[in-house]
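Next come the chains, spelled out residue by residue.
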Amino acid sequence: MISNSGFGTGKKLIHEELTRQIIGAAMEVHKELGPGLMESVYEECLCYELNLRKLAFKRQLPVPVIYKGVKLDCGFLPGSVGGQLGYIGTEVC
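Keep in mind the model is a prediction, meaning the values are calculated, not measured.

Draft legend 1. Highlighting the pattern of salt bridges. Overall, the coordinates contain six salt bridges when judged by the stated rule. Of the charged contacts in the structure, one is a salt bridge between R59 and E43, with a shortest N-O distance of 3.2 Å. Placement of the pair is R59 in strand β1 (residues 57–59) and E43 in helix α2 (residues 39–52), with a sequence separation of 16 residues. Residue class for E43 comes out buried when judged on its relative accessible area of 7%.

Listed below in structure tokens is the structure:
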């Protein structure tokens, strides 16, 4: 998430340190495994790495789908939610 502090170089992440830790964990997983594995493998390894770093997260929380103002029963399941702040997509590992 980015603050409203302006355009260009004035923008700063609101949760910069947490973001740095999550990205670092994802990069560590990618460095160890490389590309080409199933998403479930990356998710499992990322969760292990987040645990090593003592970062709180929840896995596979349903995200509601709202279409034209109507909440549909087909909620999608993202990979993980880190620090209860946002979605961590394991498919990018």
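On we go from here.
Draft legend 2. Spotlight on a nonpolar patch on the surface. Among the surface-exposed residues, L33, L37, M38 and V41 lie close enough to one another that they form a single nonpolar patch of about 340 Å² accessible area. As for its placement among the helices and strands, L33 is situated in helix α1 (residues 16–33).

Draft legend 3. Just the side chain of E49, in detail. Mapped onto the secondary structure, E49 falls in helix α2. By relative accessible area, E49 is classed as buried at 13%.

Draft legend 4. The packing of α1 against α2, seen in detail. At a minimum axis separation of 9 Å, α1 and α2 run at an interaxial angle of 125°. Between α1 and α2, the crossing angle belongs to the class labelled oblique. Handedness of the α1/α2 crossing: right-handed. Contact with α1, carried on its side by A25, A26, E28, V29 and L33, involves V41, Y42, C45, L46, E49 and L50 of α2 and no other residues of that element. The class makeup of the residues in the contact of α1 with α2 is nine nonpolar, no polar and two charged.

Draft legend 5. The arrangement of the nonpolar core in detail. One finds L18, I22, A25, V29, Y42, L46, C47, L50, L55 and F57 forming the largest nonpolar core, which totals 10 residues. Listing elements by their share of this core, those giving two or more residues are α1 and α2. Look past the residues within four positions of A25 in its chain and what remains in contact with it is L46, E49, L50 and R53.

Draft legend 6. Examining the confidence of the model for the protein chain more closely. Taken residue by residue, the protein chain gives an average pLDDT of 77. The fraction at 70 or more is 67%. Segment residues 1–7: pLDDT under 50, and 13 contacts once partners within four positions in sequence are set aside and those in other chains are kept.

Draft legend 7. Region of the structure containing unusual backbone geometry. Despite not being glycine, K54 shows a phi value in the positive range, around 55°. Relative to the helices and strands, K54 resides in the loop between α2 and β1. Positioned with a positive phi, K68 is a non-glycine residue whose angle comes to about 50°. Along the polypeptide, K68 turns up in the loop between β2 (63–67) and β3 (70–76). For K68, a relative accessible area of 72% gives the class exposed.

Cut-offs used in this document
Residues numbered from 1 in each chain as written. Predicted model: local features only at pLDDT ≥ 70, side-chain atom pairs only at ≥ 80, totals over all residues. Heavy atoms only, no water. Salt bridge = Lys/Arg side-chain N within 4 Å of Asp/Glu carboxyl O. Helix = DSSP H or I, 4+ residues; strand = E, 2+ residues; numbered from the N terminus. Buried < 20%, exposed > 50% of the residue type's maximum accessible area, 1.4 Å probe, protein only. Patch = residues over 30% accessible without salt bridge, like charges linked within 9 Å, V, L, I, M, F, W, Y side chains within 5 Å. Areas by Shrake-Rupley, 256 points an atom, 1.4 Å probe, with all protein chains shown as cover. Axes fitted to C-alpha atoms, helices over the stretch in contact; angles between N-to-C directions. Parallel < 35°, antiparallel > 145°, perpendicular 65-115°, else oblique. Left-handed = near helix turned anticlockwise from the far one by under 90°. Contact = heavy atoms within 4.5 Å. Nonpolar A, V, L, I, M, F, W, Y, C, P; charged D, E, K, R; others polar. Core = buried A, V, L, I, M, F, W, Y, C linked by side-chain atoms within 4.5 Å. pLDDT = per-residue confidence, 0-100.

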